[in-house]
Amino acid sequence: LRKDAVLAPIAGRIVTLKVNVGQKVSKGECICILEAMKMANEVAAPKDGIVKELLVSNGVIVNKGDILAVIA
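Residues numbered from 1 in each chain as written. Predicted model: local features only at pLDDT ≥ 70, side-chain atom pairs only at ≥ 80, totals over all residues. Heavy atoms only, no water.

Q: Would you mind showing me how to read unusual backbone geometry here?
A: Generally, phi is negative for residues other than glycine and the peptide bonds are trans, each holding for most cases. Of note, Met 37 is a non-glycine position whose phi angle comes to about 50°, a positive value. Structurally, Met 37 is set in the loop between strand 4 (30-36) and strand 5 (39-44). Of the residues examined, Met 37 reaches a relative accessible area of 79% and is grouped as exposed. Of note in the backbone geometry, Lys 38 takes a positive phi value of approximately 65° without being a glycine. Within the secondary structure, Lys 38 sits in the loop between strand 4 and strand 5. (Helix = DSSP H or I, 4+ residues; strand = E, 2+ residues; numbered from the N terminus. Buried < 20%, exposed > 50% of the residue type's maximum accessible area, 1.4 Å probe, protein only.)

Here's what the structure looks like:
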């Protein structure tokens, strides 16, 4: 488990990506919207940094703990 990883807090479907690779983000900024049980959940950046990798795309189903993005 990488300390730079943004993990899925719950299982669900990625409905909207809010960032791109190379983009600067601030702690608490929304990375993506994860829909679970008809509710939209914002996944926030755990720290300030640059988005190094996006490991998901719109419509992808993820499990709790899956790595969504890497911020370094």
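Further notes follow.
Q: I would appreciate a short explanation of the sheet that holds strand 4 in the present structure.
A: Within a sheet, neighbouring strands are paired by backbone hydrogen bonds and run either parallel or antiparallel to one another. The strand order 5-4-2-7 describes an open sheet built from 4 strands, whose pairing is antiparallel. Of all the strands in the sheet, the pair left with one neighbour each is strand 5 and strand 7 (61-62). Of the strand pairs in this sheet, strand 2 (residues 12-17) and strand 4 are connected by 4 bridges, and their pairing is antiparallel. Across the sheet, Leu 17 pairs through a bridge with Cys 32, a residue of strand 4. (Pairing = 2+ DSSP bridges.)

Q: When you look at the environment of Val 62 in this model, what are you seeing that I'm missing?
A: Considering the arrangement of structural elements, one finds Val 62 in strand 7. Separated by 24 residues in sequence, Val 62 and Lys 38 place their C-alpha atoms 15 Å apart. In this view, Val 62 contacts Ala 8, Ile 10, Ala 11, Gly 12, Ile 14, Leu 34, Val 56 and Leu 68; residues no more than four positions away in its chain are not counted. (Contact = heavy atoms within 4.5 Å.)

Q: Help me understand the pattern of salt bridges in this model?
A: Oppositely charged side chains can form a pair if their charged atoms are brought close together. Considering all chains together, one arrives at 3 salt bridges under this definition. A salt bridge links Lys 3 to Asp 4; its shortest N-O distance comes to 3.4 Å. Residue Asp 4 is classed as buried on the basis of its relative accessible area of 17%. The partner of Glu 35 in a salt bridge is Arg 13, and the shortest N-O contact between them spans 3.2 Å. In this pair, Glu 35 is assigned in strand 4 and Arg 13 in strand 2, connecting sequence segments 22 residues apart. Glu 35 sits in the partly exposed class, given a relative accessible area of 30%. (Salt bridge = Lys/Arg side-chain N within 4 Å of Asp/Glu carboxyl O.)

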